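# Observations on the three-dimensional arrangement
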Amino acid sequence: MMLRQMCKRLFPRHCVHSGMCGVSVDGRFEAGVVHTSAAETIAMKQTVHCLPLQNSRGFHSSCIHNSKRSKGIQNRTAITYSSKKLYVPEDKYVKVPKGVSVKQFASLLNIDEDVIKQYYKKAVGGTDYEKFESRFQSVPSTVLMKSIGKSVGVTVNVVEAQPDGQILRTEEKKRQDKDIYPCPPPDPSVLVRRSPVVTIMGHVDHGKTSLLDSLRKTNVVEKEFGGITQHIGAFSVKLPSGEAITFLDTPGHAAFAAMRERGANVTDIVVLVVAADDGVMEQTQQSIKYANNAGVPIIVAINKIDKPTADVEGTKKMLLQYGIAVEDFGGDVQAIPVSAIQGTNLEKLREAIVTQAEIMELKADPVGKVHGHVIESSTDVGRGRLVTAVIERGTLRKGDLLIAGTAWAKVRQMFDENRKPLKEAPPATPVEITGWKELPSAGSEILQAASEAAIKEAIIWREHQLFREKENQIFDEIQEKQNKIRDVYVLKRDTNRLAGYFKRSQPKKKESEAADTSPQLAIVVKGDVDGSVEAILDCLSTYHSQQCRLDILRHDVGEVNTTDVETAQVFNGDIYAFNVKVPSDISKLAKAKGITIREHNVIYKMIDDIKDTMVSRIPQEEVEDVIGEANVIRPYSFNDGKRQLPVAGCMCVKGSLLMSSMFKVQRDGETLFRGSAVSLKHFKKEVNEIKKDMECGLRVTDDELVFQPGDSIVCYQSQTQSAKLDWDPGF
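- An unreviewed UniProt entry annotates the protein chain as Translation initiation factor IF-2, mitochondrial originating from Mizuhopecten yessoensis.
- Quoted straight from UniProt, the Subcellular location (unreviewed entry) entry for the protein chain says "Mitochondrion".
- Looking at the Sequence similarities (unreviewed entry) heading of the UniProt record, one finds this comment for the protein chain: "Belongs to the TRAFAC class translation factor GTPase superfamily. Classic translation factor GTPase family. IF-2 subfamily."

### Quick look at a positive patch on the surface
- A contiguous patch of positive charge, built from Arg 385, Lys 410, Arg 412, Lys 437 and Lys 456, is present on the exposed surface.
- You can see Arg 385 is positioned in strand S12 (residues 384–393).

### Structural notes on the sheet that holds strand S18 (residues 429–434)
- Strand order across the open sheet formed by seven strands is S15-S14-S19-S11-S12-S18-S16, with antiparallel pairing between neighbours. The open sheet is flanked by strand S15 (407–410) and strand S16 (414–415), the only strands paired with a single partner.
- Relative to strand S19 (residues 445–449), strand S11 (residues 371–380) runs antiparallel, the two sharing three bridges. Residue His 371 lies in a different strand from S19, and its bridge partner there is Leu 447.

### Considering the nonpolar core
- Core analysis: the biggest nonpolar cluster contains 25 residues, and Leu 211, Phe 247, Val 271, Leu 349 and Ile 353 have the highest contact counts within it.
- Taken together, the elements giving at least two residues each to this core come down to strand S4 (197–202), helix H9 (208–216), strand S5 (233–238), strand S6 (244–249), strand S7 (269–275), strand S8 (298–303) and helix H13 (346–360).
- The element contributing the most residues to this core is H13, with six residues.
- Non-local contacts of Ile 353, meaning those with residues more than four positions away in its chain, are made with Val 198, Ile 245, Phe 247, Ile 269, Val 271 and Ile 299.
- In this structure, Tyr 543, Ile 607, Met 614 and Ala 723 belong to the second largest nonpolar core, which totals 21 residues.

### Digging into the side chain of Asp 574
- Checked against the element boundaries, Asp 574 lands in strand S22 (residues 574–578).
- On the basis of relative accessibility, which here comes to 5%, the residue Asp 574 falls in the buried class.

### Structural notes on the pairing of strand S31 (residues 712–721)
- Of the pairings in the sheet, the one linking strand S24 (residues 621–639) to S31 comprises ten bridges and is antiparallel in character. In the strand pairing of S31, Glu 622 is matched with Thr 720.
- When strand S26 (residues 662–667) meets S31, the two strands line up antiparallel, connected through five bridges. When the sheet's bridge partners are listed, Val 665 is paired in S31 with Ile 713.

### Side note on the packing of H9 against H13
- For the pair H9 and H13, the least separation of the axes is 11 Å and the interaxial angle reads 90 degrees. In terms of orientation, H9 and H13 fall into the roughly perpendicular class. Contact with H9, carried on its side by Leu 211, Ser 214 and Leu 215, involves Leu 346, Leu 349 and Arg 350 of H13 and no other residues of that element.
- Classifying every residue of the contact of H9 with H13 gives four nonpolar, one polar and one charged.

### Section: the environment of Arg 617
- Positionally, Arg 617 belongs in helix H18 (residues 603–617).
- Accessibility expressed as a relative area gives 31% for Arg 617, which makes it partly exposed.
- Not counting the four nearest positions on each side in its chain, Arg 617 is found in contact with Pro 519, Gln 520, Leu 521, Asn 572 and Asp 574.

### Here we look at the sheet that holds strand S23 (residues 597–600)
- An order of S21-S20-S22-S23 is seen for the four strands of this open sheet, with the pairing classed as parallel. The open sheet terminates on both sides in strands that have one partner only, identified here as strand S21 (549–557) and S23. Put simply, the sheet's adjacent strands are angled 20 degrees from each other on average, direction ignored.
- Across five bridges, strand S20 (residues 520–527) lies against S22 in parallel orientation. In the strand pairing of S22, Val 524 is matched with Ile 575.
- Together, S20, S21 and S22 form the strand contacts of helix H15 (residues 530–540), whose direction differs from that of S21 by roughly 170 degrees.
- In the packing of H18 onto the sheet, contacts are made with S20, S21, S22 and S23, and the angle to S22 comes to roughly 165 degrees.

### Here we look at the pattern of salt bridges
- Inspection of the entire model under this criterion finds 24 salt bridges.
- Between Asp 365 and Arg 393 there is a salt bridge, with its nearest N and O atoms 3.5 Å apart. A residue pair is termed long-range when its members are at least 10 positions apart, and Asp 365 in the loop between strand S10 (363–364) and S11 and Arg 393 in strand S12 qualify at 28 residues.
- Overlapping salt bridges, with partners in common, bring together Asp 380, Arg 383, Arg 419 and Glu 432 in one network.

### Things to note about the packing of H15 against H18
- For the pair H15 and H18, interaxial distance at closest approach is 11 Å and the crossing angle is 40 degrees. One element, H15, and the other, H18, form an angle in the oblique class. Helix-helix and strand crossings are classified by hand; for H15 and H18 the assignment is right-handed. In contact with Ala 535, Ile 536, Cys 539 and Leu 540 of H15, H18 contributes Ile 603, Met 606, Ile 607 and Ile 610.
- Looking at the contact of H15 with H18 residue by residue, the classes come out as eight nonpolar, no polar and no charged.

The rules behind each value
Residues numbered from 1 in each chain as written. Predicted model: local features only at pLDDT ≥ 70, side-chain atom pairs only at ≥ 80, totals over all residues. Heavy atoms only, no water. UniProt positions renumbered as here; feature names shortened; annotations may be inferred. Patch = residues over 30% accessible without salt bridge, like charges linked within 9 Å, V, L, I, M, F, W, Y side chains within 5 Å. Areas by Shrake-Rupley, 256 points an atom, 1.4 Å probe, with all protein chains shown as cover. Salt bridge = Lys/Arg side-chain N within 4 Å of Asp/Glu carboxyl O. Lys, Arg positive; Asp, Glu negative; His and termini not counted. Charge placed at Lys NZ, Arg CZ, Asp CG, Glu CD. Helix = DSSP H or I, 4+ residues; strand = E, 2+ residues; numbered from the N terminus. Pairing = 2+ DSSP bridges. Core = buried A, V, L, I, M, F, W, Y, C linked by side-chain atoms within 4.5 Å. Buried < 20%, exposed > 50% of the residue type's maximum accessible area, 1.4 Å probe, protein only. Contact = heavy atoms within 4.5 Å. Axes fitted to C-alpha atoms, helices over the stretch in contact; angles between N-to-C directions. Parallel < 35°, antiparallel > 145°, perpendicular 65-115°, else oblique. Nonpolar A, V, L, I, M, F, W, Y, C, P; charged D, E, K, R; others polar. Left-handed = near helix turned anticlockwise from the far one by under 90°.

Okay, here's the thing in structure tokens:
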């Protein structure tokens, strides 16, 4: 009774007792029985409904507290689960047709090929990468493709070929074009006169940089490694009249063709430097071609007229053969004989440039949005990512937002060619820009944007367009290859059917698992600027020899880093650093891992080093040095007491026969024997040498060889020499 009264005091409205206690309302104990009223039943239901949620949030589970929240709980939305797949951004899905090569697969996934190489070495544990490449394309594995894609966060959808041989391509959803484009032509009323942009072009070592040094009164040429220009430089030269000329100095070396082409595409006038003692050379012709393609007027500077072998008139005639008609020959091209070393006629050259600029009436919009082109890009110690550009429209200021290709920047600082800070850069100004999130490619168009959001949307659009172009190209290549294979198969099948021939297909034999032991060189290329790396890769792309396989593991701009060393270690490669520093800690790391870092600052010396390294890995060639020749006159044999042994009775017809040398027996162009001699006799006397026009008897180590009259015997010595690499990089 006391217990019941206590419960009534504690729970006047809802007297609920635990079934475990078994206490009834009338005071009796009944194990496992719960007696409740209607109100108590509702309260218990509410308690049961909310108990999981309350417990998960740490709430008290009493029915008193639950009743106060019953209305709010009823309005809650229940958590539901469905079998729908998690959302994956569209760009993470990539369609891959069967039959792609490793390079094409990496391109579709937008990753470097060395990522797949490292996956093969580490995850698969393979050793023969060349065989892996072959099987990847000929025996495609969907599981492997998806596994590689998963490792880089991409979902791979392998596309099968259809019965008609066509590759099924899923239709893409239409996207809104959010790219950033150049502004329309400005109102002529806002245009102002601007300085001309002049590109110095010509053959290597014809004096282009020396000419610029004389115009600027500097000495850049002595700072150039090897005495040749290896970067494209932008300078501004002030004339005595107060006018300015922007000069672009392009390399003349054969390896830098892309730099010369970029120079022609962003310039107003081309000054073609031709040495009076050499005349028109290969890169001179190339420069003329680039200028004509760009529709840029040419002014010829015939340099080195101070040399005794200079032939100015002969040089003008040579130019005429390539479509450059100078004024002396009735053309409209100005030709100025100059001497960069002595400073002869430099003032006439300046006047010719100013005159040409006045004829062209060069003007620009200084108030519109910025428009320019990337001349060069690099990573500078202390300033970070650095881009050299020429502004063609608008005025660049600190804080402006720029986009170039798929890279963008918020301008942090600006410098001139002497590293002096600039507050603004009007049209026709060469300027160095910092603040880039990534380095753009040389030659990219620079545009000003209104906001970061607009830039990011434009970059997404451009990356998507680039990927689609790349994807379509790869799909077309695979489609063309499959069509060729199918055509060959159909032709062979129809031919066999007409001939009544049927062959049961045989199971393929298991391929050998032996590792590839052919010579190979794997390299990592690092350069100081984007143009240098581009020139090196262009040179390496001319290598097609099968003597030694060349693998470019990775290439980048900037100092050698840990990633380069680790990549080279995985593939037993070397690192080639062009005009960049190697930090001491990286050098120690490479030495500890057995990786060779080869530093160079002249491009042709670097290419020569790569050639020498490849030659060292090719097995030496065995060369036969012929000492003498003999003809078999009469073969005979003699008995040594056990058996008949063949002997060649011969006459030495050339050189001499040496007992210590090697011999080979030839018949009708076929070599029957190659080895050493057992006996060499003149009449019955053993001798060490038989000279020309002497008869002799010769017995070789092969006792089964049967000599015949007319057989040729060649005496030679075998020597080894380094192989000659079948590669001409063009310089």
